[in-house]
Amino acid sequence: QEKVVESGGGLVQPGGSLTLACTASRFTVSNYRMGWYRQAPGKEREMVATISAGGTIMYAESAKGRFTISRDNAKNMLYLQLDSLKPEDTAIYYCNAWLITLSLWGMGTQVTVSS
């Protein structure tokens, strides 16, 4: 019954910004390791950023200095702030929750970076 739903994607020019949101249902985001992943057509899904239940954050090399993962415990939501976007950031971005019994994925939100 647990669910995550991504939102906030769209079309943005190079150098622009977007804020992605992950809305969680029927579980508490602060209790689990969560993350953002992305997948471009014909490419494997790759990790962008993760945050543990204890607050430890890890970024992919391509994301460091440009992306920020955070959570709002009061709202039970996860966010990914995308800054200084590049065309190579174009992908579907997925929210992931590593629950006890399963790894939970949303349907993704499309980010397109183009002039």
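Summarised in this report is the structure supplied together with it. Each residue is numbered by its place in its chain's sequence as written, counting from 1. Side-chain atom pairs in this predicted model are given and counted only at pLDDT of 80 or more, local residue features only at pLDDT of at least 70, and totals for whole chains, interfaces and linings cover all residues. With hydrogens and water set aside, each side-chain value is computed from the structure's full complement of heavy atoms.

## Side note on the overall build of the protein chain
For helices the rule is a DSSP run of H or I covering at least 4 residues; for strands it is a run of E covering at least 2, with both sets numbered from the N terminus onward. Tallying secondary structure elements over the protein chain gives zero helices and 11 strands in all. Counting from the amino terminus, the protein chain carries its helices and strands in the arrangement β-β-β-β-β-β-β-β-β-β-β. Restricting the calculation to C-alpha atoms gives the radius of gyration, and the globule rule supplies 2.2 Å times the number of residues raised to the power 0.38. Here the C-alpha atoms of the protein chain give a radius of gyration of 13 Å, agreeing with the 13 Å that 2.2 N^0.38 yields for 115 residues. The cut-offs for exposure are 20% and 50% of the maximum accessible area for each residue type, with area from a 1.4 Å probe on protein chains only; residues under the lower value are buried, those over the upper are exposed, and the others partly exposed. Every one of the 115 residues in the protein chain was classed for burial, and the buried ones make up 40%. Restricting to contacts in the protein chain with at least 6 residues of sequence separation, those with at least 24 account for 51%. Calculation of accessible area relied on Shrake-Rupley with a 1.4 Å probe; when residues are assessed, cover is drawn exclusively from the protein chains displayed. Roughly 6,100 Å² of accessible area belongs to the protein chain as shown, and the carbon and sulfur atoms make up 51% of that amount. Pairs of residues are marked as contacts when any of their non-hydrogen atoms sit within 4.5 Å.

## Description of unusual backbone geometry
Even without glycine at this site, Arg26 takes up a positive phi of about 65°. Topologically, Arg26 is positioned in the loop between β3 (18-25) and β4 (33-39). Given the relative accessible area of 53%, Arg26 is considered exposed.

## Re the pairing of strand β7 (residues 67-72)
Strands were regarded as paired on the criterion that DSSP finds at least two bridges between them. Looking at chain direction, β7 and strand β8 (residues 77-82) are connected through six bridges and run antiparallel. Counted as the bridge partner of Arg71 is Leu78 from β8. A loop of four residues connects β7 with β8, the two strands running antiparallel in sequence, and Asn76 in this loop sits at a positive phi of about 55°.

## What to know about the state of the cysteines
The term disulfide refers to a covalent linkage connecting the sulfur atoms of a pair of cysteines. Two cysteine sulfurs form what is called a disulfide whenever their separation falls within 2.5 Å. Enumeration according to the criterion identifies one disulfide in this entry. Each sulfur of the disulfide joining Cys22 and Cys95 lies 2.1 Å from the other. Here the disulfide of Cys22 and Cys95 is left-handed, its torsion about the S-S bond being about -75°. Taken together, the residues span a long stretch of sequence, with Cys22 in strand β3 and Cys95 in strand β9 (residues 91-98) at a distance of 73 residues. Across the pair, Cys95 and Cys22 agree in class, each one buried.

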